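# Understanding the architecture of this molecule
One letter stands for each residue in the lines below.
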Amino acid sequence: MIRIAVMVSGGGTNLQALLDAEAAGKIPAGKIVLTVASRGDAYALKRAEAAGVKTKVISRKSFASTEDFDQAVLACMKENQIELIVLAGYLSMVGKPLIDAYPKRILNIHPSLIPSFCGKGFYGLKVHEAALARGVKVTGATVHYVNEITDGGEILLQKPVNVLPGDTPEVLQQRVMEEAEWQILPEAVKMVSEELEKEKNHD
Ligand SMILES: Nc1nc2c(c(=O)[nH]1)N[C@@H](CNc1ccc(C(=O)N[C@@H](CCC(=O)O)C(=O)O)cc1)CN2
Ligand SMILES: O=CNCC(=O)N[C@@H]1O[C@H](COP(=O)(O)O)[C@@H](O)[C@H]1O
């Protein structure tokens, strides 16, 4: 069984999709055992608690340096024997110590079809505002591996979503979450946890 940690910052609807998928038996090789939030007021923490998942708040601003923050996150993952990390609406940069300790074992969900509308400053509604401003007819979501480049890691899954006339950023965000993010993130976690399980059994 692959031990999974989900890192969050906000509402946690992607965490909820993962918890629901696990409860429905759709992630047979993985178990979400920890939720790490970058801020104590993340509603995602309530979702984790309701599902009986251990929670931890590790916020960048309570550390003297980025290095100390990165080391605290890494220590927490090791203490909990975490094997796969999922960033789900997580809005802090993941540092080198974690990336080096978890090669191709950190996934991120981004609410656009990378390489469009991604990178520094593109998160949450800002992504959908940029898509609407550019006038794209199709947007969507991407699950990618995490490396030191923001949203620059190898792409794992993508799903397109139509932009409709009259869409506002909020309406588009909701459609992208419902039709794409909440589908491909559980699918990606199912795929990768099964791969890691196979590797473990062969070692
Ligand atoms: N290594 C690495 N870390 C990552 C990603 C990655 O692919 N690689 N994907 C990230 C998701 N994308 C981001 C990256 C930066 C910001 C961002 O700019 N945050 C503001 C704070 C935003 C807020 O708290 O409201 C900041 O100043 O740090 C938000 C989402 C999460 N961390
Ligand atoms: O690279 C990704 N950037 C981070 C990002 O923009 N994540 C987005 O935040 C929204 C809320 O997530 P929730 O907290 O409801 O799961 C959701 O649309 C995520 O795709």
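Residues numbered from 1 in each chain as written. Chains lettered and ligands numbered in written order. Predicted model: local features only at pLDDT ≥ 70, side-chain atom pairs only at ≥ 80, totals over all residues. Heavy atoms only, no water.

## Section: unusual backbone geometry
Glycine aside, the phi torsion of most residues is negative, and most peptide linkages are trans. Selection rule: Going along the chain from the N terminus, every DSSP run of H or I of four or more residues is numbered as a helix, and every run of E of two or more is numbered as a strand.
In this model, I114 is joined to P115 through a cis peptide bond whose omega is 15°. Inspection of the secondary structure assignment puts P115 in the loop between strand 5 (106-110) and helix 5 (125-134). Phi at F117 is positive, roughly 50°, even though this residue is not glycine. With respect to the helices and strands, the residue F117 is situated in the loop between strand 5 and helix 5. Non-glycine residue D151 carries a positive phi angle of around 60°. As for its placement among the helices and strands, D151 is situated in the loop between strand 6 (138-145) and strand 7 (155-162).

## Focus: the nonpolar core
Put simply, the test is: Put simply, buried Ala, Val, Leu, Ile, Met, Phe, Trp, Tyr and Cys residues joined by side-chain atoms within 4.5 Å make one nonpolar core. Only protein chains enter the accessibility calculation, which uses a 1.4 Å probe. A residue is then buried if its area is under 20% of the maximum for its type, exposed if over 50%, and partly exposed in between. Residues count as neighbours in contact if any of their non-hydrogen atoms are within 4.5 Å of one another.
Counting residues in each nonpolar core, the largest one holds 36 residues, and the members touching the most others are V6 and V189. Counting residues per element, this core draws most heavily on helix 6 (residues 169-202), at nine residues. Ignoring anything within four residues of it in the chain, the contact list for V189 reads I4, L18, I27, L84, V86 and L107. V36, F69, L74 and Y90 belong to the second largest nonpolar core, which has 21 residues in total.

## Notes on the site of ligand 1
Quick note on the threshold: When at least one non-hydrogen atom of a residue lies within 4 Å of a molecule or strand, that residue is treated as near it. Here a polar contact is recorded for every N or O atom pair within 3.5 Å, except that within protein the pair must consist of a potential hydrogen donor and a potential acceptor, and residues adjacent in sequence are included only if both atoms are side-chain atoms. Computed by Shrake-Rupley with a 1.4 Å probe, the accessible areas treat only the displayed protein chains as cover when residues are assessed. All amino acids are sorted into three groups, where Ala, Val, Leu, Ile, Met, Phe, Trp, Tyr, Cys and Pro are nonpolar, Asp, Glu, Lys and Arg are charged, and the leftover types, Gly among them, are polar.
Around ligand 1, a shell composed of 16 residues is seen, among which L91, S92, V94, N147 and D151 lie nearest. Within the contact set of ligand 1, a nitrogen atom lies 3.1 Å away from a backbone nitrogen or oxygen of L91. One of the side-chain nitrogen or oxygen atoms of K120 is found 3.3 Å away from an oxygen atom of ligand 1. In isolation ligand 1 offers 680 Å² of accessible surface; the protein chains occlude 78% of this area. Residues belonging to the shell around ligand 1 are distributed by class as follows: nine nonpolar, five polar and two charged.

## Considering the packing of helix 5 against helix 6
The test is simple: Working convention: axes come from line fits to C-alpha atoms, limited for helices to the stretch in contact. Angles between N-to-C directions cover 0 to 180 degrees. By the definition adopted for this analysis, an angle is roughly parallel if under 35 degrees, roughly antiparallel if over 145, roughly perpendicular if from 65 to 115, and oblique otherwise. When the near helix sits turned anticlockwise from the far one by under a right angle, the crossing is termed left-handed; a clockwise turn instead gives a right-handed crossing.
Running from N to C, helix 5 and helix 6 cross one another at 110°; their axes reach a closest spacing of 9 Å. One way to sum up the angle between helix 5 and helix 6 is to call them roughly perpendicular. At the point where helix 5 passes helix 6, the crossing takes the right-handed sense. On the side of helix 5, the interface is formed by L125, H128, E129 and L132, while helix 6 contributes P169, E170, L172, Q173 and V176. Class assignment of the residues belonging to the contact of helix 5 with helix 6 gives a composition of five nonpolar, two polar and two charged.

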